[in-house]
Amino acid sequence: MRMVGSKGVAVIPSAELVPRSRDVDYSFRQDSDFLYLTGFEEPDALAVLLPDQAGGQYILFCRERDAEKEIWNGRRAGLSGARKDYFADKAYAIRKLDEILPKLLSGRERIFYPMGRDASFDRKIIRWVNQSRGSSRTTSHIQQELLSLDYLLHDMRLYKSRNEVSLMRQAAKVSIAAHKRAMRACKPGMHEYEVEAELLYEFKKAGCAAAYPCIVGGGKNSCILHYTENKQVLGDGDMLLIDAGAEYQGYASDITRTFPVNGIFSKAQREAYELVLEAQAAAIKKAIPGNHWNDPHNEAVKVLTKGLVSLGLLQGRPAKLIREGEYRRFFMHRTGHWLGLDVHDVGDYRIGDEWRLLEPGMMLTVEPGLYITKAKDVAKCFWDTGIRIEDDVLVTNEGNKVLTDALTRGPDEIEALMASSVH
Ligand code: GLY
Ligand code: MN
Ligand code: MN
């Protein structure tokens, strides 16, 4: 409210239910901005922040209680719940939005809202603002500006509070258990979806959802960055890449581990794996306060390119191969992203022309990889080897803390874990 200012107002809509098939909706996920500000988990809601000298008001529009509808579709907080359990100063029925909201906007010079995210909401805002001005004969017009709320809100979301960090620790803990279970369950001849089931079992058991569709790709599929079909049979001798993270109370974790389907790394698999592991360790060391956003990526690229030359996969001087981007044939994505309520979380990576400096409270992933597909100039022992190692890193005053550190990364430790069967 302080950032919006006493002549401003902020309007934040909830997510909406989306139909999946006749009479069935997709499972509901609250809009991250709305969840961040309100903690309110129902659809058909809208929050209004009305700053003023006295500390301002938080107004929540939501569905009213309805005995009949609640029998069919579940409980609602209702207007009294909005006040009592969600600490709204005032609550109104969402069906009265068109009538009440224009009055709340009246006289406000700056109207912040999530601009450009949903065309129909953009149109509604303009309509409400027009209505708020009244008829031209009775009103003296003030200058009104429509502003994007993202600029203010997403910078707040980038710095995690102590409470947010503890929710993210819990998401990480559940994801670690899921990856361990998957490693122990994996056997040649299983389908990728059977391994996915082991992950989802641990998520659900802990009251979590998947923060994004699980990526479970064996052999060739390990080289498809966002592979989610998960329906092939896992071959003896193939690598399996699992990128999966639990979401706990809206907060994501995002972990990737890669391991041999049969539980034993071949010589080539181990060499490629150890290179990615070395790149990740070097990148994590760079994710500390005072370094900029791109330092971990630059470090990962350096280690990987040098290693690709040693493995015979690239020829030439590493510095030149980096300058000319040759490494991108095998490492074509960036080394990480912000992590929070969204798996690819909000927050700017640059300020003007400069990379953003890392500061305590920021949460990011560090996830270098190598994706080696079949090619004439590549030794056969490396074909269809996709490797990514991804962990979740909190920048701290002292340096950083890897929230997902308890999940095995070393090749020997992975082999030992896979030797202890889960079933
Ligand atoms: N799971 C998506 C990513 O790692 O960015
Ligand atoms: Mn990621
Ligand atoms: Mn991931």
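Refer to the structure above for everything that follows.
If you're wondering where the values come from, they're calculated on a predicted model, not measured in any experiment.

## Overview of a nonpolar patch on the surface
Together, M115, I126 and L146 give the surface a local cluster of nonpolar side chains, amounting to about 230 Å² of exposed area. Assignment of secondary structure puts L146 in strand 8 (residues 145-148). For L146, a relative accessible area of 33% translates into the label partly exposed.

## So, the nonpolar core
Membership of the largest hydrophobic core comes to 66 residues, with the highest contact counts inside it found for L240 and I242. At 10 residues, helix 9 (residues 267-286) tops the list of elements feeding residues into this core. Those residues in contact with I242, other than ones at most four positions away along the chain, are H179, A182, V195, L199, I215, V216, I255, T256, R257 and F259. Counting 20 residues, the second largest nonpolar core, distinct from the first, contains C62, A77, A88 and L153.

## Quick notes on the coordination of the manganese ion (ligand 3)
Ligation of the manganese ion (ligand 3) by protein atoms is provided by D243 (OD), D243 (OD), D254 (OD) and E390 (OE), these donors lying 2.0 to 2.3 Å from the ion. Coordination geometry of the manganese ion (ligand 3): the 6 donor atoms subtend angles of 58 to 169° at the metal centre, consistent with an arrangement described as irregular. A spacing of 3.2 Å is found between the manganese ion (ligand 3) and the manganese ion (ligand 2), which share D254 as a donor. In this pair, D254 is assigned in the loop between strand 13 (251-252) and strand 14 (255-260) and E390 in the loop between strand 19 (385-388) and strand 20 (391-395), connecting sequence segments 136 residues apart. Across this residue pair, the class does not change: D254 and E390 are buried.

## Regarding the packing of helix 7 (residues 162-185) against helix 8 (residues 192-205)
The geometry of a pair of packed helices is captured by two quantities: the angle between their axes and the separation between those axes. For the pair helix 7 and helix 8, the least separation of the axes is 8 Å and the interaxial angle reads 150°. Our classification of the angle between helix 7 and helix 8 gives roughly antiparallel. For the pair helix 7 and helix 8, the crossing hand works out as right-handed. Listed contacts from helix 8 to V174, S175, A177, A178, H179, R181, A182 and A185 of helix 7 are V195, E198, L199, Y201, E202 and F203. In terms of residue class, the contact of helix 7 with helix 8 is built from 9 nonpolar, 2 polar and 3 charged.

## Thoughts on helix 12 (residues 411-419)
Listed in full, the buried residues belonging to helix 12 are P411, I414, E415, L417 and M418. Viewed end-on, helix 12 has its buried residues packed into an arc of 165°, placing them on one side of the element. Looking at helix 12, the residues exposed on the side facing more than 90 degrees away from the buried face are A416 and A419. Residues of helix 12 that are buried in the fold lie against helix 7, strand 14 and helix 9.

## Quick notes on the environment of W293
Mapped onto the elements of the fold, W293 is located in the loop between helix 9 and helix 10 (295-310). Along the sequence, W293 and D405 sit 112 residues apart, while their C-alpha atoms lie 21 Å from each other. With residues up to four places along the chain from it excluded, the contact list for W293 reads G336, H337, W338, Y349, W355, R356, L358 and L364.

## Focus on the pairing of strand 14
Buried residues dominate strand 14, accounting for 6 of its 6 residues. Along strand 14, one buried face is formed by I255, R257 and F259 and the opposite face, lined by T256, T258 and P260, is buried too. Summarising the sheet, strand 11 (residues 239-244) and strand 14 pair through 6 bridges and their orientation is antiparallel. The partner of M239 across the bridge, within strand 14, is P260.

## Focus: the coordination of the manganese ion (ligand 2)
The protein atoms that coordinate the manganese ion (ligand 2) are D254 (OD), H337 (NE2), E367 (OE) and E390 (OE), at distances of 2.0 to 2.2 Å. Every donor counted, the 6 donor atoms about the manganese ion (ligand 2) form angles of 51 to 153° at the centre, which fits irregular coordination. Linear spacing of the donor residues for the manganese ion (ligand 2) on their chain is D-x82-H-x29-E-x22-E. Using a relative accessible area of 3% as the deciding quantity, one classes D254 as buried.

## So, the pattern of salt bridges
Side chains that differ in sign of charge can pair as their charged atoms come close. A full pass over the atoms with the stated rule returns 32 salt bridges. One salt bridge in this structure joins R127 and D98, with 3.0 Å as the shortest N-O distance. Of the two residues, R127 sits in helix 5 (residues 119-132) while D98 sits in helix 4 (residues 97-105), which places them 29 residues apart along the sequence. Several salt bridges converge on common partners, so that one network encompasses D31, D33, R117, D150, R157, K160, D342 and D345.

Thresholds applied
Residues numbered from 1 in each chain as written. Chains lettered and ligands numbered in written order. Predicted model: local features only at pLDDT ≥ 70, side-chain atom pairs only at ≥ 80, totals over all residues. Heavy atoms only, no water. Patch = residues over 30% accessible without salt bridge, like charges linked within 9 Å, V, L, I, M, F, W, Y side chains within 5 Å. Areas by Shrake-Rupley, 256 points an atom, 1.4 Å probe, with all protein chains shown as cover. Salt bridge = Lys/Arg side-chain N within 4 Å of Asp/Glu carboxyl O. Helix = DSSP H or I, 4+ residues; strand = E, 2+ residues; numbered from the N terminus. Buried < 20%, exposed > 50% of the residue type's maximum accessible area, 1.4 Å probe, protein only. Core = buried A, V, L, I, M, F, W, Y, C linked by side-chain atoms within 4.5 Å. Contact = heavy atoms within 4.5 Å. Donors = N, O, S within 2.8 Å, 3.2 Å for Na, K, Ca; no water. Tetrahedral: all angles 85-135°; square planar, octahedral: opposite > 155°, others 65-115°. Axes fitted to C-alpha atoms, helices over the stretch in contact; angles between N-to-C directions. Parallel < 35°, antiparallel > 145°, perpendicular 65-115°, else oblique. Left-handed = near helix turned anticlockwise from the far one by under 90°. Nonpolar A, V, L, I, M, F, W, Y, C, P; charged D, E, K, R; others polar. Arc of directions from axis to C-beta. Pairing = 2+ DSSP bridges.

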